[in-house]
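Chains, contacts and geometry: an overview
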Amino acid sequence: MANRRHSARRVKRLRSYNVRETAKVTGATPGTIRHWLKNGLEPVAGCFPAIVRGIDLIDFLNRRSASRKRPCGPGRMFCLRCKEPKRPAFDEVEFWQDGPKLGSLRGLCPTCTGVMHRRTSVSRIKAAAGDLRVSIQSGEPRLIETPKPCSNPHSEGA
């Protein structure tokens, strides 16, 4: 099965590719490349079989990935089940800190009731949350932070 996210990172700007080479360098199938040629990827004019310039392929893939992006504004989080940014249910989120500087905002999707996440830094909580109510949660203490670190609590009773 081919990769669904086709990368332009391995494409050389000054090189030209046929359909099979284009498929190999992007991680797509030759059928996908022919589909792209019908839907906006410009081949070199007057050449048969179809040849694609590297710069045109890079531009096509970058335009394609930019058109699929859906940035979340303040107060919105991306729901992976619904595949769109939404405001969390009840306009409430929790902030779970993962380290000294980073953490994630967690809220419930109003449509599918799935958990939505948004990574943010501690200093940018207000900008990411917007007008949502934020409750800051503390995570489980790490093993090293406990008074007597022991990875097997059952062995303490002996």
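As the structure is a prediction and not an experimental result, all values here were calculated from the model.

Turning our attention to helix α3 (residues 54-68). For an α-helix the count is 3.6 residues per turn, leaving residues at separations of three or four pointing the same way. Over its 15 residues, α3 runs 22 Å from end to end, which matches the ideal 21 Å to within 8%, given 1.5 Å per residue. If you check which residues of α3 are buried, you get Gly54, Leu57, Ile58, Phe60 and Leu61. Burial along α3 is one-sided: seen end-on, the buried residues are contained in an arc of 165°. When the buried face of α3 is taken as reference, the exposed residues oriented beyond 90 degrees from it are Arg63 and Ser67. In this fold, the buried residues of α3 make contact with β1 (16-18), α1 (19-26), α2 (30-38) and β2 (51-53).

Turning our eyes to something else, we now look at the packing of aromatic side chains. The tally for this structure, following the rule as stated, stands at one aromatic pair. Consider the rings of tryptophan 36 and phenylalanine 60, whose centres lie 5.5 Å apart with planes at 55°: the pair is tilted. Taken together, the residues span a long stretch of sequence, with tryptophan 36 in helix α2 and phenylalanine 60 in helix α3 at a distance of 24 residues. Across the pair, phenylalanine 60 and tryptophan 36 agree in class, each one buried.

With that settled, the discussion passes to the pattern of salt bridges. Enumeration according to the criterion identifies six salt bridges in this entry. Across the salt bridge formed by glutamate 21 and arginine 15, the nearest N and O atoms sit 3.7 Å from each other. Salt-bridge contacts for arginine 87 lead to aspartate 91; the nearest nitrogen and oxygen are separated by 3.2 Å. For arginine 87, a relative accessible area of 28% gives the class partly exposed. Classification of aspartate 91 as partly exposed rests on a relative accessible area of 31%.

Attention now moves to the pairing of strand β5 (residues 92-97). Direction of pairing for β5 relative to strand β8 (residues 133-137): parallel, over a ladder of five bridges. Note on β8: the bridge partner recorded for glutamate 92 is arginine 133. The hairpin formed by β5 and strand β6 (residues 102-108) contains four residues between the paired strands.

Take the packing of α1 against α2 next. At their nearest, the axes of α1 and α2 sit 8 Å apart, and the two run at 110° to each other. In terms of their interaxial angle, α1 and α2 are classed as roughly perpendicular. Touching Val19, Thr22, Ala23 and Thr26 of α1 are Pro30, Ile33, Arg34, Trp36 and Leu37, all from α2. Considered class by class, the residues forming the contact of α1 with α2 number six nonpolar, two polar and one charged.

Thresholds, definitions, all that
- Each residue is numbered by its place in its chain's sequence as written, counting from 1.
- Thresholds applied to this predicted model are a pLDDT of at least 70 for local features of residues and 80 or more for the giving and counting of side-chain atom pairs; totals over whole chains, interfaces and linings are not thresholded and use all residues.
- The side-chain quantities take in all heavy atoms of the structure and omit both hydrogens and water.
- By the criteria applied, helices consist of DSSP H or I runs no shorter than four residues and strands consist of E runs no shorter than two, each listed in order from the N terminus.
- By this rule, a helix spans an expected 1.5 Å times one less than how many residues it contains.
- Any residue under 20% of the maximum accessible area for its type is buried, any over 50% is exposed, and the rest in between are partly exposed; the area is computed with a 1.4 Å probe on protein chains only.
- Starting at the helix axis, one direction is taken to each C-beta atom, and the arc is that of these directions.
- Note on definitions: a residue-residue contact is assigned when non-hydrogen atoms from the two residues lie within 4.5 Å.
- Ring pairs shown here join Phe, Tyr and Trp side chains whose ring centres sit within 6.5 Å, with only the six-membered ring taken for Trp; geometry is labelled stacked below 30 degrees between planes, edge-to-face above 60, and tilted in between.
- Salt bridges, as used here, are contacts in which a Lys or Arg side-chain nitrogen is within 4 Å of a carboxyl oxygen on Asp or Glu.
- A pair of strands is treated as paired once DSSP finds two or more bridges between them.
- Under this scheme, a helix contributes an axis fitted over its contacting stretch, all axes are lines through C-alpha atoms, and angles between N-to-C directions fall in the 0 to 180 degree range.
- An angle below 35 degrees is read as roughly parallel, one above 145 as roughly antiparallel, one from 65 to 115 as roughly perpendicular, and any other as oblique.
- Gly is placed with the polar residues, together with every amino acid not listed as nonpolar (Ala, Val, Leu, Ile, Met, Phe, Trp, Tyr, Cys and Pro) or charged (Asp, Glu, Lys and Arg).

So far we have only geometry, and geometry alone does not tell us how the molecule works.
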